[in-house]
Amino acid sequence: MDVLKPTNLIEVVADSVQYRKSVSKFATGIAIITCEDDDGKVHGMTINSFTSISLDPPTVLISLKPGKAHRLITKSGRFGASILSEAQQDHSSHFSGRPQESLVPDFAIRHSVPTLRQCLAWFECDISERVQVHDHTLFLARVRHCDGIDGSPLMFFGSQYHRPVIASQ
Ligand code: FAD
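Small disclaimer: the values here were computed from a predicted structure and weren't measured.

Definitions and limits used
- Residues numbered from 1 in each chain as written.
- Predicted model: local features only at pLDDT ≥ 70, side-chain atom pairs only at ≥ 80, totals over all residues.
- Heavy atoms only, no water.
- Pairing = 2+ DSSP bridges.
- Helix = DSSP H or I, 4+ residues; strand = E, 2+ residues; numbered from the N terminus.
- Axes fitted to C-alpha atoms, helices over the stretch in contact; angles between N-to-C directions.
- Buried < 20%, exposed > 50% of the residue type's maximum accessible area, 1.4 Å probe, protein only.
- Polar contact = N/O pair within 3.5 Å; in protein donor to acceptor, adjacent residues only side chain to side chain.
- Contact = heavy atoms within 4.5 Å.

Peer 1: Before we go on, may I ask you to explain the sheet that holds strand β10 (residues 136-148) in this structure?
Peer 2: Where strands meet in a sheet, backbone hydrogen bonds hold them as pairs that are either parallel or antiparallel. The antiparallel open sheet is built from seven strands, whose spatial order is β3-β2-β6-β9-β10-β5-β4. Looking at which strands have only one partner, the edges of the open sheet turn out to be β3 (42-47) and β4 (51-54). Strand-to-strand twist of the sheet, defined as the mean angle between neighbouring strand axes without regard to direction, takes the value 35 degrees. Here strand β5 (residues 59-64) pairs with β10 via six bridges, running antiparallel. Within β10, the residue paired with leucine 64 across the bridge is threonine 137.

Peer 1: I tried to follow the side chain of threonine 46 on my own but got confused; where do I start?
Peer 2: Residue placement: threonine 46 occurs in strand β3. Classification of threonine 46 as buried rests on a relative accessible area of 16%. Here the side chain of threonine 46 touches serine 92 through a polar contact of 2.7 Å, landing on its backbone oxygen. Of the polar contacts made by the side chain of threonine 46, one reaches the backbone nitrogen of serine 96; its length is 3.3 Å. Residues in contact with threonine 46, not counting those within four places in the same chain, are Ile30, Ala31, Ile32, His91, Ser92, Phe95 and Ser96.

So this is what it looks like as structure tokens:
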């Protein structure tokens, strides 16, 4: 079998500013990742890298840069994920390091990991694999428990928050 080999071994990499601008055109939802800190209190972090990987067994992926949530989740081997509704932009800002004075986060442990009491959907996950990819770590995790309700999501697109507009038929 013929194997295609690059004739020029100089690696071409997209400009990072251009990459950020381009990849921001992929619309996502927003999740708050939760875990317990060293004092048994809940720690939360905003992410938009939550992805469903496999249905059988139910498996999700999150991609985290080094930080507090990364350290705590690595230590405990599990995390919760709460998908935000369109009314929860304050949660996204708060758990990404912009404290919202009026916000009092309300968590519940439904089975074994804390998640937001109010959200569009929640997942309790056990980490099955960790993969280091450059400046982020991919955490693959089995979903042990989950549930969701009807409602509209908070979305992230073009580096800004959006609420879905339902197109008329
Ligand atoms: P910290 O910054 O220390 O913690 C997060 C913040 O939450 C702090 O302000 C902390 O005080 C507060 N907080 C935590 N728990 C509680 C609690 N129980 N009660 C009250 N306040 C609390 N980064 C990634 O690595 N991957 C992603 O996919 C990703 N997606 C993002 C998507 C969006 C839309 C945004 C806005 C940010 C995203 N980030 C992502 C960046 C990330 O959210 C921030 O860098 C975050 O601050 C990192 O959290 P940390 O756990 O490392 O530590």
